[in-house]
Amino acid sequence: MMNVDILKKYNQTNQFGSFLGLELEVLSPGEVNYHVEVKNEHLATLNSAHGGFLAGIFDQIIGTAALSKALLDKKVVATVEFKINYIKPAFLGDKLIGNGKVISSGKRLYTVEGKIFNQNQELLALGLATLNAYPFEKSDMNF
């Protein structure tokens, strides 16, 4: 199966991404965007999104960015750790764009930067993550 097919299949089977309402856009191997609108079920207060919602988006963008690059070496990835900084709140109705970009990739560890913007290109959250890359055959992704 080709790398693009695996990434498409992952996007189809990614139940958490679907649950959040995320739409994937692959820019290049190692860089992706996710698009999502803030809805009622994402709110922590009357108007603002829960930090866990933004952290969920963040984990998706960094993981899929790393996966899109790791697949070139027939590997998949798992998040080891990430740090996120919340800069501004996301509000009901905002259209968010999460960007993940691999900034370093070795044999086993990937470092990925993630950013989340609103429709006005205002930075809402940013962070850095470390992911472990391992052979596709050791994963449960049996397509």
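This text follows the structure it describes.
Calculation criteria
As a convention, each chain's residues are numbered from 1 in the sequence order in which they are written. Only residues with pLDDT of at least 70 get local features here, since the model is predicted, and only at 80 or more are side-chain atom pairs given and counted; chain-wide, interface and lining totals rely on the full set of residues. Neither water nor hydrogens contribute to the side-chain values; these are computed over all heavy atoms in the structure. Comment: elements are numbered from the N terminus, with helices defined as DSSP H or I runs of at least four residues and strands as E runs of at least two. Using a 1.4 Å probe on the protein chains alone, a residue whose accessible area is under 20% of its type maximum counts as buried, one over 50% counts as exposed, and one in between counts as partly exposed. In this description, contact between two residues means that some pair of their heavy atoms is separated by no more than 4.5 Å. Strands qualify as paired when DSSP identifies two bridges or more between them. Whenever a carboxyl oxygen of Asp or Glu lies within 4 Å of a side-chain nitrogen of Lys or Arg, that contact is scored as a salt bridge.

1. Considering the environment of A66
And then number 1: Locating A66 in the fold gives a position in helix α3 (residues 51-70).
And then number 2: For A66, a relative accessible area of 0% gives the class buried.
And then number 3: Along the primary structure A66 and T111 are separated by 45 residues, whereas in three dimensions their C-alpha atoms are 8.2 Å apart.
And then number 4: Among residues more than four places away in sequence, those in contact with A66 are V77, V102, Y110, V112 and L131.

2. What to know about unusual backbone geometry
And then number 1: The phi angle at K74 is positive, at roughly 60°, despite the residue not being glycine.
And then number 2: Within the fold, K74 resides in the loop between α3 and β3 (75-86).
And then number 3: Positive phi, normally seen in glycine, also occurs at Q121, with a value near 60°.

3. Brief notes about the pairing of strand β6 (residues 123-135)
And then number 1: Relative to β6, β3 is paired through 11 bridges, and the arrangement is antiparallel. Bridging across to β6, K75 finds its partner in P135.
And then number 2: In terms of strand pairing, strand β5 (residues 109-117) meets β6 through 9 bridges, oriented antiparallel. Residue pairing across strands places F117 opposite L123, the latter belonging to β6.
And then number 3: Between β5 and β6, which pair antiparallel and follow one another directly, the connecting turn spans 5 residues, one of which, Q121, has a positive phi of 60°.

4. Description of the pattern of salt bridges
And then number 1: Evaluated as defined, the whole model comprises 2 salt bridges.
And then number 2: K95 is paired through a salt bridge with E37; the nearest N and O atoms lie 3.8 Å apart. Taken together, the positions of K95 in strand β4 (residues 95-105) and E37 in strand β2 (residues 31-37) put the pair 58 residues apart, joining distant regions of the chain.
And then number 3: Judged by relative accessible area, which is 49%, K95 ranks as partly exposed.
And then number 4: For E122, the salt bridge is made with K88, and the minimal N-O distance between the two is 3.4 Å. Of this pair, E122 sits in the loop between β5 and β6 while K88 sits in the loop between β3 and β4; the two residues are 34 residues apart in sequence, bridging distant segments of the chain.
And then number 5: Overall, E122 belongs to the partly exposed group, its relative accessible area being 32%.

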